[in-house]
Structure formats: C-alpha cells, structure tokens
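# Fold and geometry: a report
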Amino acid sequence: MADVSSIPVAVSGVHVETKGKHLLLNMGPQHPSTHGVLRLVLEIDGEVVVNATPDIGYLHTGIEKSCESKYYQQVVTLTDRIDYLCPLTNNLCYVLAVEKLIGMEVPRRAQWIRVLLNELSRISSHLVWLGTHALDIGAMSVFLYCFREREEILKIYEYVSGQRMMTSYFRIGGVALEPPLGMLDRVRAFLKTFPDKIAEYETLLTHNPIWLGRTQNVGYLSAADCLAWGVTGPCLRAVGIPLDLRKTNPYSAYNEFDFDVPVRTEGDVYARYMVRIDEMKQSVRIVQQAVDGMPEGPFKASAEGIVLPDRDKMKSEMEALIYHFKIVTEGFKIPAGEAYQAIESPRGQMGYYIVSDGTSKPYRVHVRSASFGNLQALPRMVEGRLLADVVAIIGSIDIVLGEVDR
Amino acid sequence: MPNATFFLISLVKCGVVLFVLLTLVAYIQLAERKIVGRMQSRVGPTRVGPFGLLQPAADAIKFILKEDITPDSAHKFLYLLSPALSATLSMLAITVIPIGGGTVRLFGQNTPMQITDINVGLLFILGVTSLGVYGIVLAGWSSNSKYSLLGSLRGASQMVSYELALGLALIGPIILAGSLSLRHIVEAQQHYWFIVPQFLAFLIYLTAAFAETNRIPFDLPEAEGELGAGYHTEYSAMKFALFFLAEYINMITVSCVATLVFLGGWHGPVFGPALLRAILPLVWFVLKVCFFLFLYIWVRGTLPRFRYDQLMAFGWKVLVPLALGNILVTSLIVGLLA
C-alpha cells in the first residue's frame, strides 16, 4: 500500500501544519456533507480529529468585483447569487445600503413587503439547513419533509417575483412590482399548515435519543470564542448572547413587529438546532403580523431619476419616459461617499459596504458574510472530536460556500 | 440415498433457493424504495414497467453495463475477492434455513424444505455471518483509499461487537428448545412462541441484527454523510452490486432467523382443505419474514445514525450485559423447573 500520510496538501496552496504522525484525510471539496465545496484537511488519529484546516475558494465567483462594472440597480441581480439560499435577504441588505448612501425614504408598504418576504426567506433557508443537517446525521426523511415545505415558499417567491430562486425582487426605493393579488392569501395558506410541519420535524428529532446523542455536547464553542472569531447569528445566540440586529439595530420596519429572539446557553450543536427551530416559529409570527397588518400605499418611493416611474405615467408623461430610458441605459449617479448596512441574515450578520465615487457604478462593494466568520471557528469546534462529529458540526454552523467565497 | 439422486435434489433445491433469493432481494429493494418513498411523501420508482415493477431489472442491467473500475493502487486480488466473499458467505447462511416443517417429494425421495438440515444450523449461521466481516475488511483495505479504510475499520469492530450480543441473545431460546437445530427450535414453539418468554432476548437480537447488517441506525461502515460510501467507496458496477446483494441477503437471513427462533417459524393457524393446509405454514413464514423486512425499511425512514463511540458503548455496555443477564435468568428458571 502507498504511504497513507502522503497527501497533495499543496493542491490549492493551503498550508497544513501537522501535530505529529497522523493520517491526513482530505474531506471535500467533493464530499456529500461539506455543504458545497468546502475542503477540510483533517489530521486524524484513529477517528479522532487532531487538527482541521479549512480550505476555501472553490466557489469563488468574483461577484464583489463584478459589482464594480454594473449600474447600481443592476447589482441587485448579482446579490442573489451570493447566498443562494436566501436571495431576498441579500437583495434587502444591498438596497438598504444604497438607500442609506442616497438617504432615501422607502414607503411603509414596501418595507412591510420586504419584511414579509425576508422572514419567508429565513424560514426557507432554515428549512434547507435543517434538512441537510439531519441528512448528514442520517435522518433522511426530515430532509424530504423540509424540502416539501420549502417548495411552498419557492412557489410564493415565484408568484411574487416570477422567479423561484434568483428573485431579484427588491429595488432601490422599494420593490420591483406591485405584489400580485392573492399573494397574502397564499402566505396565509402556508402559515396555516407550517407550524404543524415544524412540530413534525420536532417529533422526529428534538427528543430522539440518537439525535440528542449526536448533537448534545458536540461542537461546543464558548461565548468568548464566538466574539473573538466574529461568529454571529444562531451560532452566537446558541451561547447565550442575544444579539439580533432585527432587535438591536432595527432596519426596514422590524421595530413595528413583535417577536422574540430565541437564545440558548449550551453552545453545542443541539443548542444551534433549537435556536433555529425556534427562529422559524418566530418568523411565522412576524409573517403573520405582516400579513394581518399589511399597510396600503405605494410599493416604491417616488424619486425621479432613481426609481423607475410607473408604466402608466410613461404612456402619458414625456418626463417619465425619459427618466425610464435614462435609468435603464445610463443608471443614476450617486454622490461620492460610503455606507455600510448590516442586517440579520438567516446565518448571522450580513453586511454590505458600498463606496461611491460619484458615478453610476459602485467604486467598491464589499460583503461581510456571516458564513465566512462562522466558518473560522470550525477548527476550534472539531478539535478532539470524532470524524462523525465534524459532519454534524459543519451542518450546525450552516455555511453557504457561495457566501464564504463571493 | 443414491449419490446421483442426492446431488440432483441438492442442485434443484439450490437452484430454486437462489432464484427465489435473488428475486426477493430485487423486490425488497423495490419495496424499500416504494415504502420509504411513501414515508417521505414521494412516490418512489414508477417509470419502469407498471408501478415501477421492472425497476429491479433496469437496475441489474445498469449494474452490468457500468464501467468496472479497479483503482491503480488497489491490491488487485483482494479487491476482486472481497465482494465475492461477501456475496458467497451471505448466500451460504441461507442454506440451512428451513422454510416449512413438512417434506417435499422430489425424484422419488422425501426431502426437507431446506437445502441441508444440519443439527447445528444456528451455529452454522452465526459462524458464516461472522466470516462476512472479512469481505468488508478486505474491501476497505485492498481499495487503498482512506475513506474505505475507515469504513472497514468501523465495520470490523461493529460486526465483531454486535456478533457477540447477537449470539448471546440466541442462547436463551436455545436453552428453552434444548437444540441448535433450527427445525427443532421451531418445533419446540408448537404451543407458544419464544418471543413471549424471551422478549428481552428478542429485542437484543433485533437491535444487534440491525447492526450486523449495517442498516440505519447502525450503518456506520457506509455512513454516506461522513465516509462517502464507506468500505465500498471504490467499487463500481457488478462488484458494488455484489456488496449490495450481500447486504440484502443478510437482511433476509437475520429476518429468517428471527422468525424461526422467536416467532415460531411456520407455526400459525392452519385450516381449510388439504392444499391450503399444505401452503399455509409457508405463508405464515413468509409473512413473518416480511414483517421484519418492513421493520428494517420503517426504521430507515425514521431514525438518524449513531456515532461510532456511542455504537460501541451501546453494544458492550448495554446489549452484552443484558444478554448475559437474560441467559442467567433463563437457565436458572429452566434449571429450577426441571
């Protein structure tokens, strides 16, 4: 047999330090449980992980760079592709950052629509997380149940925006289109059945001794470590720090909604699981409030030269037609300056930092992605654990590689 | 019995069993996909033939036509040997399983409804299935892949540990029956099934059997979430199909043993005309085996997977002591009553 410790560690230039004469196991980028194309170089002693070195970059898309060659309104379509499990959250964060740069007020109705869709995004993202996490641990049925419900949300997306995944529905100043009639009924229908479905997942997992054995006291991360490594989102709330930007720095209309921030203190895989399950329930509450109290009014701001004019006006007013033509062909200029907007994505703090040099294209767009920060803490969590735990832990931090690499 | 007739009879019986076995494996697999599909709000295979009934044939053709890959760095001989070993040993265990109490007339001879009736049938099954671990160990080692190696290491320790609990769980019924012959054990259950006095042993056996056949929640040697496909990661085409076959035949074997030892084998209400009386025991036997096979599928649709250390702890700290305690209590009671 060939020497098992010889492994092409230098394939992508990742530097691996070994702590002794152990087996190096190359996990990923093609692996069923590294959630995309994460590569982990594991140093294992038997089945015990001595050291783990994550290697990222296999899904580098160059989106941040691409943004610099697009007009401000065109960038929205790129943001979908960063975190493809919650495209609307990315849309929201980007448009909020640009609106902050311009200093634009968005109509209340548009804000409520944004909140509604954003929380549906959170639910659908958590559903993908729960399904794949459970699948990694061997509970296959949960995966299919979760995708069944996610399908309903994707149908709502399609109904509203015309697209199932790459929605690109939010626009600077509001949303792209008046939501179709009956959207709220569809959301209501979803809300009516969904709490029972959560109960169904919980029946299969929450008190299942095998599930508890696989998740409790696994992948522990202390509060200090979380803060030191920039871990945010459910992983941070699972160590007892109730940091949720929807509460602490409300954006859109979140301050008008009544919801709780689920917090656990154990800091293990199970705590993260419970936090996300509870978050889905809270999201249901928020969506319910949004559906019940959806205000009337315009769905986009009226800002000539920035927000596209109504189709009706274009047919009767020459100025509207000119503005439409100008925005589509030349974009709109934004005064030089910079803005940073952070929001609470399903995975944690997502931030868009935009620098304008006074032209119609951003000078620089930088994305602070939650997955990137959370991934940094992975080696700490898996050290000394068994190989099977690595899979459970990767699942529990809920990374999306598109967001890690950008 | 003249030698020629003996060979002829054995050959015919082997042929029949092999045919039934392979068909059964193919359709268990289809049933599994259908049932798990229903449990997961899917429909399962429906496209090949009516209700997807020809799916197993399509799968078989696919396995035959797939490219047969042997990794360059593999140990060629062992790499080839291990799937053959797995499949052969799993089929060998079936030979001593009786499927009915009576005899059938073949070439002018009365012959029992099993390939061969040996008086230590149960021991033979345990021995042969234990050897099955060599297929897994050699497959993992000869593939020269780290994932395969880890899978086979897991497989080896898991099967050795659970073999123990499996064997110990069977001792209770053996004490009650006073025989190692499967036929005698079934006959001893004329009045009551051994599941009643040996309920604990039944549960231990069932759990260990799941581990023995590498099924969820004990499918660690092939845990796809962690190890790709475990010990058969590097196998393709018919070589992979043989491992697959071995796993399903093992499932049938342990289900048959559970039926024979705990559920009274072919015993069940027998009534009606002569023909029905002749067939009913076979029907009961098949139904009981199917119940266990359904249990396997049901569990797969429900439970997550154990972790390696939890599996070992459960085997050695829970199942083995319980099985030993069961033997002690059983022998004490049998001794006192005698």
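Here the structure is a predicted model, which means the values were calculated and not measured.

## Comments concerning the overall build of chain A
- For chain A, the count of helices and strands is 17 helices and 8 strands.
- Relative to a compact globule of 406 residues, whose C-alpha radius of gyration would be 22 Å, chain A shows 22 Å and is just as compact.
- Projected onto its principal axes, the C-alpha coordinates of chain A cover approximately 80 × 45 × 35 Å.
- In chain A, buried positions account for 60% of the 406 residues.
- Carbon and sulfur atoms make up 54% of the accessible area of chain A, which totals about 15,500 Å².
- Here chain A holds 42 positive side-chain charges and 48 negative ones, and the gap between their average locations is 3 Å.

## Considerations on helix α6 (residues 183-205) of chain A
Residues and elements named next belong to chain A.
- Helix length check: α6 (23 residues) gives 32 Å between terminal C-alpha atoms against 33 Å at 1.5 Å per residue, within 8%.
- For α6, the set of buried residues is Met183, Val187, Phe190, Leu191, Phe194, Ile198, Tyr201, Glu202, Leu204 and Leu205.
- Close packing links the buried residues of α6 with α4 (108-137), α5 (140-161), α7 (209-215) and α11 (269-292).

## Considerations on the interface of chain A and chain B
- Residue-level contacts link 39 residues of chain A with 28 residues of chain B.
- Where chain A touches chain B, the interface holds 2 salt bridges.
- Asp389 of chain A is the salt-bridge partner of Arg307 of chain B, the closest N and O atoms lying 2.9 Å from each other.
- At the junction of chain A and chain B, the tally comes to 12 residue pairs in polar contact (both at pLDDT 80 or more).
- Breaking the side of chain A that touches chain B down by element, the ones donating at least two residues are β1 (23-27), α4, α5, α7 and α16 (387-397) of chain A.
- The class makeup of the residues in the side of chain A that touches chain B is 23 nonpolar, 10 polar and 6 charged.

## Quick word on a nonpolar patch on the surface
Residue and element names in this part refer to chain B.
- Together, Leu8, Val12, Val16, Phe19, Val20 and Phe107 make up an exposed nonpolar region whose accessible area comes to about 550 Å².
- Checked against the element boundaries, Val12 lands in helix α1 (residues 3-39).
- Residue classification places Val12 among the partly exposed residues on the basis of a relative accessible area of 33%.

## Quick word on the packing of α5 of chain A against α6 of chain A
All names here are of chain A.
- Two elements in contact, α5 and α6, have axes whose closest approach is 10 Å; the angle formed by their N-to-C orientations is 165°. As summarised for this structure, α5 and α6 are arranged roughly antiparallel, according to the angle between their axes. As for how α5 packs across α6, the hand of that crossing is left-handed. On α6, the residues touching Val142, Tyr145, Cys146, Arg148, Glu149, Glu152, Ile153, Lys155, Ile156, Tyr159 and Val160 of α5 are Met183, Arg186, Val187, Phe190, Phe194, Lys197, Glu200, Tyr201, Leu204 and Leu205.
- Considered class by class, the residues forming the contact of α5 with α6 number 14 nonpolar, no polar and 7 charged.

## Here we look at the pairing of strand β8 (residues 364-368) of chain A
All names here are of chain A.
- Side-chain alternation along β8 places Val365 and Val367 on a buried face and Arg364, His366 and Arg368 on a face that remains uncovered.
- Bridging between strand β7 (residues 348-356) and β8 involves 5 bridges; their strand directions are antiparallel. Along β8, the bridge assignment pairs Gly351 with Arg368.

## Describing unusual backbone geometry
- Positive phi, normally seen in glycine, also occurs at Ser168 of chain A, with a value near 45°.
- Residue position: Ser168 of chain A is located in the loop between α5 and β4 (170-171).
- Unlike most non-glycine residues, Ala237 of chain B shows phi in positive territory, near 50°.
- Topologically, Ala237 of chain B is positioned in helix α9 (residues 237-262).

## Description of the packing of aromatic side chains
Residues and elements named next belong to chain B.
- Counted under the stated rule, the structure contains 31 aromatic pairs over all chains.
- Here Tyr162 and Phe218 contribute two aromatic rings whose centre-to-centre distance is 5.5 Å and whose plane-to-plane angle is 50°, an arrangement assigned as tilted. Linking Tyr162 in helix α5 (residues 146-177) with Phe218 in the loop between α7 (199-212) and α8 (224-227), this pair joins segments that are 56 residues apart in sequence.
- By relative accessible area, Tyr162 is classed as buried at 0%.

## Focus on the state of the cysteines
- On inspection of all chains with the given rule, the structure shows 0 disulfides over all chains.
- Lacking any disulfide linkage, Cys226 of chain A is separated from the closest cysteine sulfur, that of Cys235 of chain A, by 7.1 Å.
- Using a relative accessible area of 0% as the deciding quantity, one classes Cys226 of chain A as buried.
- Not engaged in a disulfide, the cysteine Cys290 of chain B finds its nearest cysteine sulfur in Cys256 of chain B; these two sulfurs lie 9.6 Å apart.
- Taking the relative accessible area as the measure of exposure, Cys290 of chain B reaches 38% and is therefore partly exposed.

## Topic: the domain arrangement of chain A
Residue and element names in this part refer to chain A.
- On domain assignment, one finds that chain A holds domain 1 (1-58) and domain 2 (63-302 + 332-405).
- Computed over C-alpha atoms, the centres of domain 1 and domain 2 are 30 Å apart.
- Taken residue by residue, the interface counts 21 residues in domain 1 and 20 residues in domain 2.
- Among the residues of domain 1 in contact with domain 2, His35, Val49 and Ile56 are the three that bury the most area, contributing 34% of the side total.
- Linking domain 1 with domain 2 are 0 salt bridges.
- Going through the elements one at a time, β1, β2 (39-45) and β3 (48-55) are the ones with two or more residues in the side of domain 1 that touches domain 2.

## Quick word on the environment of Lys66 of chain B
Residues and elements named next belong to chain B.
- With respect to the helices and strands, the residue Lys66 is situated in the loop between α2 (55-65) and α3 (76-94).
- On the accessibility criterion, Lys66 (46% relative accessible area) is partly exposed.
- In this structure the C-alpha to C-alpha distance between Lys66 and Ser236, which are 170 residues apart in sequence, comes to 7.3 Å.

## Considering the sheet that holds β7 of chain A
Residues and elements named next belong to chain A.
- The strand order β6-β7-β8 describes an open sheet built from 3 strands, whose pairing is antiparallel. On the outer flanks of this sheet lie β6 (337-345) and β8, each paired with one strand and no other. Going from strand to strand, the sheet's axes swing by 15° on average, the running direction of each strand aside.
- Helix α3 (residues 87-102) contacts β6 and β7 of the sheet and is inclined by roughly 150° relative to β6.

## Looking at the environment of Arg214 of chain A
- With respect to the element layout, Arg214 of chain A can be found in helix α7.
- When the C-alpha positions of Arg214 of chain A and Ala392 of chain A are compared, they lie 7.6 Å apart, and in sequence the two are 178 residues distant.
- What Arg214 of chain A contacts, discounting residues up to four positions off in sequence, is Ile137, Ala388, Asp389 and Ala392 of chain A together with Glu226, Arg305, Phe306, Arg307 and Gln310 of chain B.
- Within the structure, the side chain of Arg214 of chain A is placed 3.0 Å from the backbone oxygen of Arg305 of chain B, a separation counted as a polar contact.

Cut-offs applied
- Residues numbered from 1 in each chain as written.
- Chains lettered and ligands numbered in written order.
- Predicted model: local features only at pLDDT ≥ 70, side-chain atom pairs only at ≥ 80, totals over all residues.
- Heavy atoms only, no water.
- Helix = DSSP H or I, 4+ residues; strand = E, 2+ residues; numbered from the N terminus.
- Rg over C-alpha atoms; globule rule 2.2 N^0.38 Å.
- Buried < 20%, exposed > 50% of the residue type's maximum accessible area, 1.4 Å probe, protein only.
- Areas by Shrake-Rupley, 256 points an atom, 1.4 Å probe, with all protein chains shown as cover.
- Lys, Arg positive; Asp, Glu negative; His and termini not counted.
- Charge placed at Lys NZ, Arg CZ, Asp CG, Glu CD.
- Expected span 1.5 Å × (residues − 1).
- Contact = heavy atoms within 4.5 Å.
- Salt bridge = Lys/Arg side-chain N within 4 Å of Asp/Glu carboxyl O.
- Polar contact = N/O pair within 3.5 Å; in protein donor to acceptor, adjacent residues only side chain to side chain.
- Nonpolar A, V, L, I, M, F, W, Y, C, P; charged D, E, K, R; others polar.
- Patch = residues over 30% accessible without salt bridge, like charges linked within 9 Å, V, L, I, M, F, W, Y side chains within 5 Å.
- Axes fitted to C-alpha atoms, helices over the stretch in contact; angles between N-to-C directions.
- Parallel < 35°, antiparallel > 145°, perpendicular 65-115°, else oblique.
- Left-handed = near helix turned anticlockwise from the far one by under 90°.
- Pairing = 2+ DSSP bridges.
- Phe/Tyr/Trp six-rings, centres within 6.5 Å; stacked < 30°, edge-to-face > 60°.
- Disulfide = S-S within 2.5 Å.
- Domains from an automatic or database assignment.
- Buried area = accessible area lost by both parts, 1.4 Å probe.

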